[in-house]
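Residue-level listing of the chains:
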2 protein chains.
Amino acid sequence: MVLNTKNKFNTACIFYMLFFSITIFAQQPADFVNPLIGTSNYGAAFPGPIAPRGMASISPFNVAGVKNTPMEKDSQWLSNPYVNENTFLTGFSQVNLSGVGCPELGVILLMPTTGAVETNHLKYGSTYSKEVAKAAYYSVNIDKYKIKAEFTASKRVGVSRFTFPKGESNLLLNLGLGLTNEEGAMVKVVSPTEIEGMRSVGSFCYNSPEEAYPVYFVAKFSKPADKFGVWKKPSKYEGVEAQWMTYNGKTRMMENTIKTVVGDSIGTYFSYKFDKEETVEVKIGVSYVSIANARENLEQETGNKSFDAVYKETYDEWNAALSKILVEGGSKDDKTIFYTALYHTLIHPNTLNDFNGEYPEIKRSKVGKTKGTRYTVFSLWDTYRNLHQLMSLVYPKQQSNMVKSMLEMYDENGWLPKWELNSTETFTMVGDPASIVIADTYLKGIRDFDVQKAYKAMLKGADQIENNPLRPGLKEYIQKGYLTTDNKGPVSTTQEYNASDYSISLLAKALGKKDDAERFKNRSLSYRKLYDKNLKLLRPRTADGKWYEPFDPVSGANFEENVGFIEGNAWQYAFMMPHDIKGLIKLMGGEKAFSSQLQKVFDSKQFDMANEPDIAYPYLFNYIKGEEYKSQELVKKLVQEYFQNKPKGLPGNDDTGTMSAWLVYSMMGIYPISPGDPVYTITTPMFDKVTIKLDSEYYQKESIVIEKEGNKEGKINAIQIDGKALNSYFISHEDLVNGKILKVIQK
Amino acid sequence: MVLNTKNKFNTACIFYMLFFSITIFAQQPADFVNPLIGTSNYGAAFPGPIAPRGMASISPFNVAGVKNTPMEKDSQWLSNPYVNENTFLTGFSQVNLSGVGCPELGVILLMPTTGAVETNHLKYGSTYSKEVAKAAYYSVNIDKYKIKAEFTASKRVGVSRFTFPKGESNLLLNLGLGLTNEEGAMVKVVSPTEIEGMRSVGSFCYNSPEEAYPVYFVAKFSKPADKFGVWKKPSKYEGVEAQWMTYNGKTRMMENTIKTVVGDSIGTYFSYKFDKEETVEVKIGVSYVSIANARENLEQETGNKSFDAVYKETYDEWNAALSKILVEGGSKDDKTIFYTALYHTLIHPNTLNDFNGEYPEIKRSKVGKTKGTRYTVFSLWDTYRNLHQLMSLVYPKQQSNMVKSMLEMYDENGWLPKWELNSTETFTMVGDPASIVIADTYLKGIRDFDVQKAYKAMLKGADQIENNPLRPGLKEYIQKGYLTTDNKGPVSTTQEYNASDYSISLLAKALGKKDDAERFKNRSLSYRKLYDKNLKLLRPRTADGKWYEPFDPVSGANFEENVGFIEGNAWQYAFMMPHDIKGLIKLMGGEKAFSSQLQKVFDSKQFDMANEPDIAYPYLFNYIKGEEYKSQELVKKLVQEYFQNKPKGLPGNDDTGTMSAWLVYSMMGIYPISPGDPVYTITTPMFDKVTIKLDSEYYQKESIVIEKEGNKEGKINAIQIDGKALNSYFISHEDLVNGKILKVIQK
């Protein structure tokens, strides 16, 4: 009987292992993901596990402490919990942002140690080795303690597994240390296997501290601690009292306490005494609503599941999501950068709602409840350009829910989002990009949202002169057609407003609102008033309408602050009117002048692959008949130069997947050239064959195929859609999704 | 019909008002309570409302801020939330200690203001006027805002009523400011009528910061706020980041938030806009277990009750408690100081358990549940001398529960308490006084507790040489009979151990443990080895047995630190062996020498009425036949000099009612001269007649009467018990409670 049971177990186990191995080692799309890409060169990605659009994630945290830390978090404006070059590890953070430009989250740091409890991260930190980073899995050896640490995650729960050597071991949960600028935490040890608490986060980009908010958590341990406690390092008293307070400012160890402890610098320790090598699994559920919800998230998603079971589920989820695009041909590195990029586009916007549907509304006074998914982290100034277009094509259900989330924000807050983060409006960057995203979605046929409400919301952002948080300077913009130097980044902000107005005009047209369509079409062209014929560039004007003097078109590169442009200079914004490239060509005096000026951007090294304004420039030669090969060459060159299967393999901040979406599109050979316009421009695909599976809820065909034929290194000679010649380098979304095969033939 | 209803209402109303007026204005014992007594001269009492042995209490908080604040809390070692001389009010604290010597609690500060929300207490503070302080009621006018503030309390709930003028008004709940040295709080606005949170407290006497613990609270408002929010003043960042953080260290206003906020300096504001004068009632329930329990305490005790209804109930409870002793004759001031003193003895020890019976156990890892009352705040070095004796006589049920609470602490912690405060052992002061209290209780016939466990606990404290937190230096004490100068306060600590050993010997005898009785009796006399015949005083010895040199018997007065004695000098401890006064008389060379030496204490102004060691000295002339009149004179003089119907009407720290218990006994004409010994010594009562109602659960007679006859200003000529002459100035507890009338006849 006993034997029998054992045999059964072994059989099941072997079967499971086989199954598992096959799933993992068969070079599925998920197997090509290398989460280390973007963890250097300010890519700001993190290498640890996350589920698709997960709320929880785990990142090794190696940016604190001077020793062995070339990029220390407090020594510069650093926006990531992990930098590949750093070597001093101080824990594993349980909520993280990917590819953003400001420090935020990177808190609730779990750290295994051995020996006596040490609570100072500068002392308990360690070097590490043997990093393994895969979709849904990260592992590392912690040198100082000879501990193997492994991590996976479900949507709202981070799962850690530590293999401790024999002897005294500890699991520290540090609630003081973190990437965010915000401080303050609360913790309560519920039992020797459970901790609950919260950590304050917020002040993204050093803004809006009054919007700070809590991330709640519950941590469950697979083995009860032999000893536990809370530490607190209080702030230092001054004055007469300090002389009686012998403990003033010193870390205190509160052993065995089950009482709530609060403070800026607190943490818990769970200590074990093992008489042989042992593993401990820790599940940390998070929530932005309450501790109770964090606990429910944990129970519902990971309940009694083992580490391996959670990993398997999340891996499968990744694989299913990534398999929506299948690529053939191309090198292993090509596939790696492609699927890693696609992976990066599936991190943000991420899930905000708890398992039970609850989420904090964007004004603080209410908890909302969704039946679908409430998304958060809308870095719209970045993502309006290509990421949402990719979602509409490949993951239309998600894109639809993202639009619904944006409309919920409008309901809650009175405004569409601009740069929304965990239900706070950070008002980072400029422009009114939500309108573009919504119009683009609708015009691509994804219409299962309240478009009338959306339209109303857009008009409010576009027309309300007073107290308009989305479009400061709107009065001047409407009166003069442009913002003057009385405003921040007046030229580029004018361009952003133009872009939004163009999208509104497109949607107005589709909705049969002719007057609005006309009005916003006209408004969208007003950038022309900032066109300086002599410079062939846009140039800021002062309040009296004169050109701003002295004007240096080069000033503003590399994020330098300048008069006229946000995060860029006159060259990097010169062609950022994708909806009116034909108008711009005329303005510049014809195709030759346009082409020459565009070429100058690249020749003079003004092109910046690392930021969004000029991100579509490489494709603009497609507008000049006979010069399309330049786009083909440029795109290929840029991919090779900036996107690599290396930690520094992103050109800079991934910007919540925008750079990655650029890569995904560029490698597939199409690009959504004009946000809002349901149109793609075409270049050489970097794979022999790309199959995009379409969602039958939104599209009629099962899939799109993009094929490359002929000389792999040659120029495009012909383009066919379902065998019929396409006499253009542009194809509408409708034609694409209703065609079956887009064939690019090279000579 | 309408008229009829109105009539009914009026009749009910008038009836109620009459009833209420009668209750309040009929000069019941509770009407004599003046809570302002002890609010100056370091009495450390607070003037606000509390229920008998209440967990919650409300005190005006006027010790913060330099302006108009002669006694600023951070400028000295100040142990009270209110000082009568101060004039700058910054709120009303919701948990407070009465008559202690170290700063603690004095937190959760509710403050009404008008106009714009101001969160800096130095700015929003105000002078005040028209203070009314009564049992269960305190009211004051807040000058700056023309707000009338009234307060009452049930056992676990503070109830405030504010009458606001027309216009904008605010209720601030400041969780940063406080008397405690501990910092850190959490708060969450649940709705426009409810706030929940916690405040860290602890580090009593600047000790044991690792024992810091939370007081949880729920606040309910009778009117929903028109606006609300949380403020937070974060600590200041330094380094590179500070340059981007324009808000660094500045108070932030988090409007409308329902999210949890933590920090050292946080608070909430509830704002109103009134178009006429309006009142708002605020109920704040507290708990040391959880927010849920604080809410349950609030609901169960005050649910839908009005301010007036809560006041009425608590007033009635006070009156019932105080009516256990009825006094006749004496001036109004006499009655006032008497009933106020009795009131002060009924504040601590106070209730720790929640309405549902839960309380934090004295080790942090468990929540206990009691069916009776779990008491806390055992300042036993003070209260073993007379307060518990008073409880045994007048409130034996309470005393029994206090003993049970002490035994629970032994169960939880392994040791009897020493200076227990909200389930933390502060280890303040010296000695092992719990044994004395328990023995005294048992020997007075209050025996409904597990005396065998109690005895075992006492023996552990008395005999365990190693790791004994109650009796440091025990090994030396047992070996040599005394502590040497290697220890802190070796002489007085030896005396304390002697006193405890004597009580243990008494209990051992009662339990039939003859050997122990003999052993501890012998141990209790070892102070004699420290008697310096030349000085006729006790004197410290060094480790080698020699007298400590140079020795100044006067050094140590006024709490000055010295070698030999804790909080006192050789004179103030010279007679602190109440169990062996006869032995001391012999030691000193007879009655004359004893009397002369005792008289010297008073003549040389070494007697300190403000601290416990010499508190029984005035009664010691009763041991010398023919000199008892000196005790009568001294006691009377001291009462007149130190106890008055004025804020400075206590000699110093009330020491959780010990000074007040001294007064109650002294005014009744009896005093428990030898703690542990069930015996009283007799002096002139200060009333014509004192009736002590006895609890039928513990005593056979219904009451004791102490009467004074003859010349009111004269000396005692004769004492009778139930008409029979008592040929002694001492009477056993048994004789007293079984007699009916103790008559003191003066000539």
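What you see as residue numbers is a count from 1 along each chain, following the sequence as written. Following the order in which they are written, the chains are lettered starting with A and the ligands numbered starting with 1. For this predicted model, a pLDDT threshold of at least 70 governs which residues receive local features, and a threshold of 80 or more governs which side-chain atom pairs are given and counted, while totals over whole chains, interfaces and linings are taken from all residues. The basis for every side-chain value is the complete set of heavy atoms in the structure, and neither hydrogens nor water enter the calculation.

- The name recorded for chain A in an unreviewed UniProt entry is Alpha-mannosidase, from Flavobacterium cheongpyeongense.
- UniProt positions are given in the numbering used here, feature names are shortened, and annotations may be inferred rather than shown by experiment. Regarding chain A, the UniProt comment filed under Subunit (unreviewed entry) reads as follows: "Monomer."
- If you open the UniProt record of chain A and go to Cofactor (unreviewed entry), you find "Ca(2+)".

### What to know about the sheet that holds strand β27 (residues 670–671) of chain A
All names here are of chain A.
Here is step 1: If you walk across this open sheet you meet the three strands as β27-β28-β33, and the pairing is antiparallel. The open sheet terminates on both sides in strands that have one partner only, identified here as β27 and β33 (730–732).
Here is step 2: Strand pairing is assigned whenever DSSP identifies at least 2 bridges connecting the two strands. Numbering of helices and strands runs from the N terminus, with a helix taken as a DSSP run of H or I at least four residues long and a strand as a DSSP run of E at least two residues long. When β27 meets strand β28 (residues 679–682), the two strands line up antiparallel, connected through two bridges. When the sheet's bridge partners are listed, Y671 is paired in β28 with T681.

### Side note on the UniProt feature "domain: Glycosyl hydrolase family" (unreviewed entry) in chain A
Here is step 1: Within the UniProt annotation, "domain: Glycosyl hydrolase family" (unreviewed entry) is assigned to residues 293–743 of chain A.
Here is step 2: Within the segment residues 293–743 of chain A, helix and strand shares are 42% and 13% respectively, and the terminal C-alpha atoms sit 50 Å apart.

### Observations regarding the interface of chain A and chain B
Here is step 1: Only heavy atoms matter for contacts: two residues are in contact if any of them lie within 4.5 Å across the pair. Of the residues lining the interface, 49 residues belong to chain A; the matching set on chain B comes to 49 residues.
Here is step 2: Computed with a 1.4 Å rolling probe, the buried area is the accessible surface lost when two parts are put together, summed over both parts. Buried area between chain A and chain B, summed over both chains or domains, comes out near 4400 Å², and the portion from carbon and sulfur atoms is 55%.
Here is step 3: Three residues stand out in chain A for area buried against chain B, namely W244, K259 and R364 of chain A, and they jointly supply 17% of the buried area on that side.
Here is step 4: Every case where a carboxyl oxygen of Asp or Glu lies within 4 Å of a side-chain nitrogen of Lys or Arg is listed as a salt bridge. On inspection of chain A and its partner chain B, the count reaches four salt bridges.
Here is step 5: Two residues, K232 of chain A and E182 of chain B, come together in a salt bridge whose shortest N-O distance is 3.3 Å.

### Details of the side chain of S505 of chain B
Residue and element names in this part refer to chain B.
Here is step 1: Among the secondary structure elements, S505 is positioned in helix α12 (residues 490–510).
Here is step 2: When a residue's accessible area, from a 1.4 Å probe over protein chains only, is under 20% of the maximum for its type it is buried; when over 50% it is exposed; and in between it is partly exposed. Among the residues examined, S505 registers a relative accessible area of 4% and is labelled buried.
Here is step 3: For S505, the residues in contact, after removing those within four places along its chain, are A517, F520 and K521.

### Focus on the sheet that holds strand β28 (residues 679–682) of chain B
All names here are of chain B.
Here is step 1: Spatial ordering of the open sheet is given by β27-β28-β33, a layout of three strands whose pairing is antiparallel. Every other strand in the sheet has two partners, leaving β27 (670–671) and β33 (730–732) as the edge strands with one partner each.
Here is step 2: Of the strand pairs in this sheet, β28 and β33 are connected by three bridges, and their pairing is antiparallel. Bridging across to β33, V679 finds its partner in S732.

### Digging into the nonpolar core
Here is step 1: Of all hydrophobic cores here, the largest spans 449 residues; its most connected members are L393 of chain A together with L393 of chain B.
Here is step 2: Among residues more than four places away in sequence, those in contact with L393 of chain A are Y665, I670, Y680, I692, L694, Y699, I704, H733, L736 and V737 of chain A. Put simply, buried Ala, Val, Leu, Ile, Met, Phe, Trp, Tyr and Cys residues joined by side-chain atoms within 4.5 Å make one nonpolar core.

### Re the pattern of salt bridges
Residues and elements named next belong to chain A.
Here is step 1: Scanning the entire structure with this criterion turns up 75 salt bridges over all chains.
Here is step 2: A salt bridge links R161 to E150; the shortest N-O distance between them is 2.9 Å. Placement of R161 in strand β7 (residues 157–164) and of E150 in strand β6 (residues 147–153) is noted, with a sequence separation of 11 residues between them. Here R161 matches E150 in class, with each residue buried.
Here is step 3: One salt bridge in this structure joins E408 and R374, with 2.8 Å as the shortest N-O distance. A residue pair is termed long-range when its members are at least 10 positions apart, and E408 in helix α8 (residues 396–413) and R374 in the loop between β20 (367–369) and β21 (375–376) qualify at 34 residues.

### Re the domain arrangement of chain A
Residues and elements named next belong to chain A.
Here is step 1: For chain A, the domain assignment lists domain 1 (33–320), domain 2 (323–347 + 621–654 + 657–747), domain 3 (372–466) and domain 4 (477–612).
Here is step 2: One C-alpha centre belongs to domain 2, the other to domain 4; they are set 27 Å apart.
Here is step 3: In this assembly, 20 residues from domain 2 lie in contact with 18 residues from domain 4.
Here is step 4: In this assembly, domain 2 packs against domain 4 so that about 1600 Å² is buried in total across both faces, 68% of it on carbon and sulfur atoms.
Here is step 5: Summed over the three residues of domain 2 that lose the most area to domain 4, namely F621, Y623 and I624, the buried surface amounts to 34% of that side.
Here is step 6: The term polar contact refers here to a pair of N or O atoms within 3.5 Å; inside protein, the definition further demands a hydrogen-donor-capable atom paired with an acceptor-capable atom, and it admits residues adjacent in sequence only when both atoms are side-chain atoms. Summed over the shared surface of domain 2 and domain 4, the result is two residue pairs in polar contact (both at pLDDT 80 or more).
Here is step 7: Put simply, the parts of the chain that give the side of domain 2 that touches domain 4 at least two residues each are α17 (628–642) and α18 (658–668).
Here is step 8: For the side of domain 2 that touches domain 4, the element with the most residues is α17, which contributes four residues.
Here is step 9: In this classification, Asp, Glu, Lys and Arg are treated as charged, Ala, Val, Leu, Ile, Met, Phe, Trp, Tyr, Cys and Pro as nonpolar, and every other residue, Gly included, as polar. Classifying every residue of the side of domain 2 that touches domain 4 by side-chain character gives 12 nonpolar, four polar and four charged. Note: domain ranges come from an automatic or database domain assignment.

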